[in-house]
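# Structure assessment
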Amino acid sequence: MALAPIDPKDPLGIDDLFDAEELAVRDTVRRFCAERVTPHVAGWFERGELPTVRELAVELGRIGVFGMHLEGYGCAGASAVQYGLACLELEACDSGLRSLVSVQGSLAMYAIHRFGSEEQKQAWLPRMAAGEALGCFGLTEPDVGSDPASMRTHAKRDGSDWILNGRKMWITNGSVASVAVVWARTDEGVRGFVVPTDTPGFAAHDIHHKMSLRASVTSELVLDDVRLPDSAVLPEVVGMRGPLTCLNEARYGIVWGSLGAARTCLQAALDYAATREQFGRPIAGFQLTQAKFADMAVELHKGLLLALHLGRRKDAGTLRPEQVSFGKLNNVREAIEICRTARTILGANGISLEYPVMRHAANLESVLTYEGTSEMHTLVIGKALTGLDAFR
Amino acid sequence: MKIVVCVKYVPDATADRGFNEDGTTDRESVDSLLSELDEYAIEQALQIVESGVEAEITYLTVGPDDATDALRKALAMGGDNAVHVNDDDIQGTDALGTSLILAKAIEANGYDLVICGMASTDGGMGVVPAMLAERLGVPQVTYLDEVKVEGGVVKGRREGDTATEQVEASLPAVISVTDRTGEARFPSFKGIMAARKKPLESKDLDDLGIDSDEVGLSAAWSTVDAATARPARTKGEVVTDEGEGGVQLATFLAAKKFI
């Protein structure tokens, strides 16, 4: 039998490694993005806004992306691979959209699902899964990034209540959230708090002048004597293990998501190079351009195999945090390189919002450092290989 | 009541589609999917149930092994179960033969309302619903833009070129719905997970009591003699305006009989 011709969109035939249900999840997200988000997202990016975030959240809730990999409480109970494919499609549209979903599902919902009380789960998870309530996750602070254990936000006991004070910075979904999962130091160690955002003393201010993730809400959280009942604390975890476990979840989504941005840019460059003529022929026919395409495709599809491998391990319960670091380090690094290379193929058009490449390249600048910088993931891998800790 | 939605597994209309040497559709080299026009039929069935009509929704398809993909997709959108008629002897069956297979399968399943899309996106055939109604001996109400089921009657609106018709038929009946009935829903993830557990039954011609001579390419009343790809678009004529561009344009349009 003659071999089927190669599919330029899937040259390694990786699609054969997904089952029908996984492909169905991918199709749903792909179609949703194509119909509901992609036509608008460049405009949102240009204006630096997400004007219909609440309607968008309800629509995303209807298809079931929020907390899709969690069980019960209105969540879909999908596999890690299905979640990864959803992240990839979301980020193929825009990293801001994927960030909205990551923060909601992998950070805020996951924290409550994993470490929350039954009461907290009942109160928040069904509404969050439906997209009726948005959540945010407050760990990073103005002066605290890679070393979150040195956080300044603190909570003190006052009778049976807690009084929360501090600042959280670069918080996705901050000003549109109904609930914030806030991490603070206490006398017992770091604790997580489920903070309804209408609690007196809580304020969220949007961060402007961003050059990246412009179609995403990013805020500063201000906590001034926020009084919370004892039932607001996440009962099931004390210490940095809490927030770090959540971050590991979100990072896993980035391993897949970043490749979505890369895929869109590679496709845009292929389309452009096929019709752009210089010296009397399409630039896709020039050797230097083809070398770029070959390198981009090799890295994109290698990255996809890596993501899938990690996903299968996650579904099998054998995925280690160091392996997620491996995936995030490689896939974001390669994705941003692919987007930048695509930019060069589009020439001046590459910097225009008429094409998706500059938007994706700019977005990935954030993805490169959030949820653990490339440097931190490098050191995590370094420690895994040598047994020596370079940063603690 | 029982609603049967007929769906078709078709080659992706956005791909480069072609024919086999015998004039039948080439299903090997192109990915196939649930016909987009049938998604409107599914949506209407789901909306009928959501409007409060108690009904079991069964999806029915006639197609090769992979056609279960179309049924799983439909089940992911909603509904209860599915029937897949699959038999090597079906290959090459035309609309008339398809309507026979569908009719037998629908009779075997039981039905009060049969809902079809307005046409298939591969063959462009829109006659099957009418043939099906004829074979079942029940009323047909085709090309509906709006559908409602009330008190044993299916009602709908049909937009014509010159008039809008309000039509209705007593159940059981066969209807077809257009792409103006309202956008089909996305299968939700919960729906996708649930679809896995919904019953999907496979049947062959024997099960339906159909003789293989009655269907297939050899029994088809219509054949594809030849297929030629549409020629590539030629470059348009460029009118350079040197003071009499308007005249040139008018001459061009008149020559092409546009004016």
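Look above for the structure.
Residues numbered from 1 in each chain as written. Chains lettered and ligands numbered in written order. Predicted model: local features only at pLDDT ≥ 70, side-chain atom pairs only at ≥ 80, totals over all residues. Heavy atoms only, no water.

This next bit is on the pattern of salt bridges. Residues and elements named next belong to chain A. The tally for this structure, following the rule as stated, stands at 35 salt bridges over all chains. Note that R359 and D94 form a salt bridge whose closest N and O atoms lie 2.7 Å from each other. Remark: D94 occurs in the loop between α3 (80–93) and α4 (95–115) and R359 occurs in helix α9 (residues 357–369); sequence separation between them is 265 residues. Assigned by exposure class, R359 and D94 land together as buried. With a closest N to O distance of 2.7 Å, E249 and K314 form a salt bridge. Linking E249 in helix α6 (residues 241–275) with K314 in helix α7 (residues 287–316), this pair joins segments that are 65 residues apart in sequence. Under the relative-accessibility criterion, E249 is labelled buried at 9%. Judged by its relative accessible area of 23%, K314 is partly exposed. (Salt bridge = Lys/Arg side-chain N within 4 Å of Asp/Glu carboxyl O. Helix = DSSP H or I, 4+ residues; strand = E, 2+ residues; numbered from the N terminus. Buried < 20%, exposed > 50% of the residue type's maximum accessible area, 1.4 Å probe, protein only.)

Now for helix α4 (residues 128–136) of chain B. Of the residues making up α4 of chain B, those classed as buried are V128, P129, L132, A133 and L136 of chain B. The buried residues of α4 of chain B all sit within an arc of 135° when viewed along its axis, so they share a single face. (Arc of directions from axis to C-beta.)

Let's shift gears to the interface of chain A and chain B. In this assembly, 21 residues from chain A lie in contact with 13 residues from chain B. In total, chain A and chain B occlude about 1,300 Å² of area from one another, counting both sides; carbon and sulfur atoms represent 61% of this. Here chain A is connected to chain B by three salt bridges. For the pair chain A and chain B, the interface holds six residue pairs in polar contact (both at pLDDT 80 or more). Going through the elements one at a time, α1 (20–47), α2 (53–63) and α3 of chain A are the ones with two or more residues in the side of chain A that touches chain B. With nine residues, α1 of chain A is the largest single contributor of residues to the side of chain A that touches chain B. Here the residues of the side of chain A that touches chain B sort into 11 nonpolar, five polar and five charged. (Contact = heavy atoms within 4.5 Å. Buried area = accessible area lost by both parts, 1.4 Å probe. Polar contact = N/O pair within 3.5 Å; in protein donor to acceptor, adjacent residues only side chain to side chain. Nonpolar A, V, L, I, M, F, W, Y, C, P; charged D, E, K, R; others polar.)

A contiguous patch of negative charge, built from E28, D65, D66, D69, D88, D89, D211, D213 and E214 of chain B, is present on the exposed surface. Given the relative accessible area of 41%, D211 of chain B is considered partly exposed. (Patch = residues over 30% accessible without salt bridge, like charges linked within 9 Å, V, L, I, M, F, W, Y side chains within 5 Å. Areas by Shrake-Rupley, 256 points an atom, 1.4 Å probe, with all protein chains shown as cover. Lys, Arg positive; Asp, Glu negative; His and termini not counted. Charge placed at Lys NZ, Arg CZ, Asp CG, Glu CD.)

Nonpolar side chains collect at one region of the surface, where L12, L17 and L305 of chain A lie side by side and expose about 270 Å² of accessible area between them. Note on placement: L12 of chain A falls in the segment before α1.

As a further point, take unusual backbone geometry. Going from L171 of chain B to P172 of chain B, the amide bond is cis rather than trans, its omega being 0°. Positive phi outside glycine occurs at F279 of chain A, with the angle close to 55°. Position of F279 of chain A relative to the elements: it lies in the loop between β8 (277–278) and β9 (281–282). With a phi close to 55°, Y143 of chain B is a non-glycine residue in the positive phi region. Among the secondary structure elements, Y143 of chain B is positioned in strand β7 (residues 140–144).

Let us now look at the sheet that holds strand β10 (residues 164–170) of chain B. Residue and element names in this part refer to chain B. The sheet built from three strands is open, its strands ordered β8-β9-β10 with antiparallel pairing. The sheet is open, and its two edges are formed by β8 (146–150) and β10, each paired on a single side. On average, each strand axis in the sheet is tilted by 20° relative to the strand beside it, whichever way the strands run. One ladder, built from five bridges, connects β8 with strand β9 (residues 153–159); its direction is antiparallel. Its bridge partner lying in β9, V149 is registered against V154. (Pairing = 2+ DSSP bridges. Axes fitted to C-alpha atoms, helices over the stretch in contact; angles between N-to-C directions.)

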